[in-house]
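Breakdown of the fold
Spelled out, the chains give:
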Amino acid sequence: MTSVAVAVNGGEGVGGRGSRRAVKWAVENLLPQTQRFILVHVIPAITFIPTPSGDRIPIEELDENVVALYVLEVKVKFEEIFIPFKKLCKAQKVETVVLMDDNPASAILNYVSQSGINSLVLGSWSPNCIIRKLKGPGVPTTVLNGSPEMCNVHVVSKRKIITKSTYSSFISEASSRNRMSHERDHKKSSSSINNLVSEPEIYSPYVESKVQKSFGESSLSHRSVKGSEASMKTESSYVQAEIEQLRLELQNTISLYKRACEELVHTQSQVELLSSDIVEEAGRVNAALEREEALRKIAAEEKAKYLQAKTELEEAKELLANEAYERQMAELRANKESSEKQRIVDALFMSDRRYKKYTQDEIELATNFFSQSNVIGEGGYGKVYKCILDHTPVAVKALRSDAVTKKEEFLREVEVLSQLHHPHLVLLLGACPESGCLVYEYLENGSLEEHIFHRNEKSPLPWFVRFRVVFEVACALAFLHNSKPEPVVHRDLKPGNILLDRNYVSKIGDVGLAKLITDIVPDNITEYKDSIIAGTLCYMDPEYMRTGTIRPKSDLYAFGIIILQLLTAHQPNGLASIVENAFRKGCFEDILDTSVADWPLAETEELAKIALQCSQLRCRDRPDLDTEVLPVLRRLADSAATRGKVERANTHAPSHYFCPILQEIMDDPYIASDGFTYEYRAIKAWLQRHSVSPVTKLRLQHSMLTPNHTLRSAIQEWGSSKHCQEP
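This is a predicted model, so every value here is computed, not measured.

All right, on to the overall build of the chain then. Assigned secondary structure in the chain consists of 21 helices and 21 strands. Among the 727 residues that make up the chain, the fraction classed as buried is 41%. The contacts of the chain with a sequence gap of at least 6 include a subset with a gap of at least 24, amounting to 64%. When the accessible surface of the chain is split by element, carbon and sulfur atoms take 54% of a total near 41400 Å².

Given below as structure tokens:
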């Protein structure tokens, strides 16, 4: 397949005319016999990419995709150069190629070599050696010298066509003739050329072609000196006329340039004047904008204050209206509940058979007429007496004779407790309606409060017993809150109302302040259910004290305070804040009850955090007892029970039976090189990671272990005797 490439240049100048002349010649002489006709244009290589601000960024600092996109846009833009040349091709299929290189000749030669071009056509070319020396070798010269053998190069000038063969012969002849040329002609020609190039600004490819042609013919005339003198004179006069015309054009151009420079100086002075005015005006505008912005801020602040005051006023009005409405509704409900309570009292006296009724004589005889020597405590209803009824130790709670207002609470407790049965609730055995007494089961180990603060010679409880007590109290509360048909709220939960039996099993007592809720109030709604607030102040739900609203989560607040007391042995007042500050400062361990020396710190911190959640000020912020609190307490109680068994088993063992690493009784004792005996698996694991003694921290002489058969026998004998002693 034959292919023809024509190198073209854009514009309307001499270069453009030479390119059009080359395209026309190629269309007329080469196009009919070729399968591919290609127009080639060379642009400088892209090294910078302009920005909208006028800066130029080197392509090395940009992403390759961005550079490729910009190069593609430039090539598409330069495709417009080919439009006038395509019109000369008479609707034939023409290909176009845009090359990028700072050296056009090198770019064209590379393209010809890589694309296998058979014929290459270029525009005007000057054969004059003097012009070449002044300007250096042009594109046609470089292409003629470097084109591959298989490519035919045609340089089309105005008067002749130069090919590789004619160019080679011309070069050889010119070099031989130059040595034989006359010095006079040479000087004259040099003078003419010097006049031509004295003004390099007006040099154009067209004049170059004229001069090259003239001097080319002059050099060729040296073949016959006698026949060329007339031709040389004609050519010299022609060149001289051209130079004169160009000199006139140069003078005209210089005058225009000077006039443009003067206008430029004048314009620059005007621009500087305007710039100073603009700077001053910009300063005034900026100052005005700053004042405006400051005034806007002041206005916005004043508007915000006004809106805030308006909102607070509306909220205050709404709050006042709600409080008035709630107060009115609370009074109506109090009257309604008072009548219902009276009906319950009458029913209790007349027909209640759910508990055993004792006569006043039986109670007086059992308590030795309420002797002071039988008093074991005093609660919200009066004194508590220990006595014997039906051959069973019991606790009798007697209502104060002067506390007439407590009788309704007493009757409510009788009604509630008579139908509540749970392993961790104090069992109601009976009542004496005549004297206002309640008969409970007797619990030998007193109240939780006595053990926390070591009153009445009560010993402190181990940590695992405290964990179990917390879980048992939570189970009892969950039972009360899930009672059917109505939930029961204790309202006076505190350590003094949590009693312990002979096995330190905890039970909640004094449900005398418990209240039946006919409608459960949602956690995020505040509603008065009763106008009388009951309970102990430090354990009372703050929301209940503020609004009179009672709900199951009211007990959860007191439960959280009790947990914190079990852990710290502190008084309840401000205890939640003390624990929170200890967590924040990282000194929680310092506030734990010092009567317990082996607190499991991780489990204790987890239990304290549950207690803090339960003691939040708002009900809506407290966790759910069944789904969030009980699962955690069950896990902690099980862990405490397991570890408690180990601690009880290790209580009476000799100290040398314990492994110094595990702190447990050894099953397989071995002697190390430091002379101490360890559990085999423990010392083996230690030696794999350390080379010092676990006890002395000194370097071990060797890692050999010796079984301690004597100590193993002693431990086994001790274990057997202990097993025999257990019931």
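On we go from here.
Bringing the packing of helix H16 (residues 553–568) against helix H18 (residues 601–614) into the picture now. Where H16 contacts H18, the two axes come as close as 7 Å, and the packing angle between them is 150°. By the angle between their axes, H16 is roughly antiparallel relative to H18. The handedness of the crossing between H16 and H18 comes out as left-handed. Residues Leu-556, Tyr-557, Gly-560, Ile-563, Leu-564 and Leu-567 of H16 form the contact with H18, whose own contacting residues are Thr-604, Leu-607, Ala-608, Ala-611, Leu-612 and Cys-614. Of the residues that constitute the contact of H16 with H18, the class distribution is ten nonpolar, two polar and no charged.

Applying the stated criterion to the full structure yields five aromatic pairs. Considering the side-chain rings of Phe-583 and Phe-588, the 4.6 Å spacing of their centres and the 10° angle between planes classify their relative orientation as stacked. Given a relative accessible area of 24%, Phe-583 falls into the partly exposed group. On the numbers, 4.6 Å between centres and 50° between planes, the contact of Tyr-670 with Tyr-680 is tilted. Of this pair, Tyr-670 sits in strand S19 (residues 669–671) while Tyr-680 sits in helix H20 (residues 680–689), and the two are ten residues apart along the sequence. Overall, Tyr-680 belongs to the partly exposed group, its relative accessible area being 30%. Put simply, the rings of Trp-463, Phe-464 and Phe-467 touch in pairs and so form one group of aromatic residues.

Let us now look at the side chain of Ser-615. Here Ser-615 is to be found in the loop between H18 and helix H19 (625–649). Take Ser-615: its relative accessible area is 6%, and that puts it in the buried class. At 3.0 Å, the side chain of Ser-615 forms a polar contact with the backbone oxygen of Ala-611.

A word on the state of the cysteines. Applying the stated criterion across every chain yields a total of zero disulfides. In this structure Cys-387 is a free cysteine whose sulfur lies 9.3 Å from that of Cys-437, the closest cysteine sulfur available. In this structure Cys-387 comes out as buried when scored by relative accessible area, which is 5%.

Bringing helix H4 (residues 104–115) into the picture now. An ideal rise of 1.5 Å per residue puts 16 Å on twelve residues; H4 measures up with 16 Å between its terminal C-alpha atoms. Among all positions of H4, only Ala-105, Ala-107, Ile-108, Leu-109, Tyr-111 and Val-112 are buried. Buried residues along H4 sit in contact with strand S1 (3–7), strand S2 (36–43), strand S5 (95–100), strand S6 (119–122) and helix H6 (139–146). N-cap assignment for H4: the residue whose side-chain oxygen lies 3.3 Å from the backbone N of Ala-105 is Asn-103. Two residues or fewer after H4 comes Gly-116, characterised by a positive phi angle close to 65°.

This next bit is on a negative patch on the surface. Taken together, the side chains of Glu-312, Glu-314, Glu-315 and Glu-318 present a region of like negative charge at the surface. Its location among the elements puts Glu-318 in helix H10 (residues 225–351). The class of Glu-318 is exposed, set by a relative accessible area of 51%.

Once the charged atoms of two side chains with opposite charge are near each other, the side chains can pair. On inspection of all chains with the given rule, the structure shows 16 salt bridges. With its nearest N and O atoms 3.1 Å apart, the salt bridge here joins Lys-507 to Glu-441. With Lys-507 in strand S17 (residues 506–508) and Glu-441 in strand S14 (residues 437–441), this pair connects stretches of sequence that are 66 residues apart. The pair formed by Lys-507 and Glu-441 is uniform in burial state, with each residue classed as buried. Residue Asp-621 pairs with Arg-618 through a salt bridge whose shortest N-O separation is 3.0 Å. Residue classification places Asp-621 among the partly exposed positions, given a relative accessible area of 35%.

Taking 1.5 Å as the rise per residue, helix H14 (residues 463–481) with 19 residues should run 27 Å; its terminal C-alpha atoms sit 27 Å apart, in good agreement. Of all 19 residues that make up H14, 16 are buried, and the element is covered over most of its length.

Below, the discussion takes up the sheet that holds strand S9 (residues 356–357). Pairing is mixed across the open sheet formed by six strands, whose spatial order is S9-S13-S14-S12-S11-S10. Either end of the sheet is taken by a strand with one partner, and the two such strands are S9 and strand S10 (375–378). In the sheet, strand S12 (residues 392–398) pairs with S14 via five bridges, with the strands oriented antiparallel. Bridge assignment links Val-396 to a residue of S14, and that residue is Val-439.

Moving on, we come to a nonpolar patch on the surface. A contiguous nonpolar patch, built from Leu-69, Leu-72 and Val-76 and spanning about 290 Å² of accessible area, is present on the exposed surface. Tracing the backbone through its elements, the reader meets Leu-72 in helix H2 (residues 64–78). What makes Leu-72 exposed here is its relative accessible area of 52%.

Looking now at the confidence of the model for the chain. Looking at the chain as a whole, the pLDDT averages 81, with 79% of positions reaching at least 70. Below a pLDDT of 50 lies the segment residues 182–227, which in the model reaches 76 contacts outside its immediate sequence neighbourhood of four places, other chains included. Confidence drops under a pLDDT of 50 for residues 524–532, and excluding neighbours within four residues, the segment shows 33 contacts in the predicted structure.

On to the packing of H14 against H16, then. Two elements in contact, H14 and H16, have axes separated by 11 Å at closest approach and are oriented at 170°. When the interaxial angle is binned, H14 and H16 end up roughly antiparallel. Where H14 approaches H16, its residues Arg-466, Phe-467, Val-470, Val-473, Ala-474, Leu-477 and His-481 are matched on the opposing element by Asp-555, Phe-559, Ile-563, Leu-566 and Leu-567. Class assignment for the residues of the contact of H14 with H16 results in nine nonpolar, one polar and two charged.

Let's shift gears to the sheet that holds strand S20 (residues 677–679). Pairing is antiparallel across the open sheet formed by three strands, whose spatial order is S20-S19-S21. Sheet topology places S20 and strand S21 (706–707) at the edges, where each strand pairs with a single neighbour. Relative to S21, S19 runs antiparallel, the two sharing two bridges. If you follow Ile-671 over to S21, its bridge partner there is Thr-706. Against the sheet, H20 contacts S19 and S20, and its axis sits at roughly 95° relative to S20.

Turning next to the pairing of S14. Regular strands place side chains that alternate from one sheet face to the opposite one. With five of five residues buried, S14 lies mostly within the body of the structure. Between strand S13 (residues 428–432) and S14, which follow one another and run antiparallel, lie four residues, and Gly-436 among them has a positive phi close to 70°.

Calculation rules
- In every chain, residue numbers begin from 1 and rise along the written sequence.
- Only residues with pLDDT of 70 or above have their local features reported here, since the model is predicted, and side-chain atom pairs are shown and tallied only from 80 upward, although totals for entire chains, interfaces and linings are computed over all residues.
- Excluding hydrogens and water, the side-chain figures rest on all heavy atoms present in the structure.
- The way it works is that DSSP assigns letters per residue, a run of H or I at least four long becomes a helix, a run of E at least two long becomes a strand, and they are numbered from the N terminus.
- Partly exposed describes any residue whose relative accessible area lies between the buried limit of under 20% and the exposed limit of over 50%, with all areas from a 1.4 Å probe on protein chains only and scaled to the type maximum.
- The criterion used for residue contact is that any of the two residues' heavy atoms lie within 4.5 Å.
- The protein chains shown are the only cover counted for residues, whose accessible areas, like all others here, come from Shrake-Rupley with a 1.4 Å probe.
- Between N-to-C directions, angles cover 0 to 180 degrees, with each direction set by a line fitted to C-alpha atoms, over the stretch in contact for helices.
- Working rule for angles: under 35 degrees goes down as roughly parallel, over 145 as roughly antiparallel, 65 to 115 as roughly perpendicular, anything else as oblique.
- For a crossing to be left-handed, the near helix must be turned anticlockwise from the far one by less than a right angle; the clockwise case is right-handed.
- Residues were grouped as follows: Ala, Val, Leu, Ile, Met, Phe, Trp, Tyr, Cys and Pro as nonpolar; Asp, Glu, Lys and Arg as charged; and all remaining residues, including Gly, as polar.
- Pairing of aromatic rings covers Phe, Tyr and the six-membered ring of Trp, with a centre-to-centre limit of 6.5 Å; geometry is then stacked below 30 degrees between planes, edge-to-face above 60, and tilted otherwise.
- For the purposes of these results, a polar contact is taken to be a pair of N or O atoms within 3.5 Å, where, inside protein, one atom must be able to donate a hydrogen and its partner to accept one; residues adjacent in sequence count only when each atom of the pair is a side-chain atom.
- Note that a disulfide, as used here, is simply two cysteine sulfur atoms within 2.5 Å.
- The length a helix should cover is 1.5 Å for every residue beyond the first.
- For patches, a residue must show more than 30% relative accessible area and have no salt bridge; joins then use 9 Å for like charges and 5 Å for nonpolar side chains, namely Val, Leu, Ile, Met, Phe, Trp and Tyr.
- Salt bridge, as used here, is a side-chain nitrogen of Lys or Arg placed within 4 Å of a carboxyl oxygen of Asp or Glu.
- Note that His is not counted, nor are the chain ends; the positive residues are Lys and Arg, and the negative ones are Asp and Glu.
- Taken as the charge location is NZ of Lys, CZ of Arg, CG of Asp or CD of Glu.
- The rule for pairing is simple: two strands pair if DSSP sees at least two bridges between them.
- pLDDT gives the predictor's per-residue confidence on a scale running from 0 to 100.

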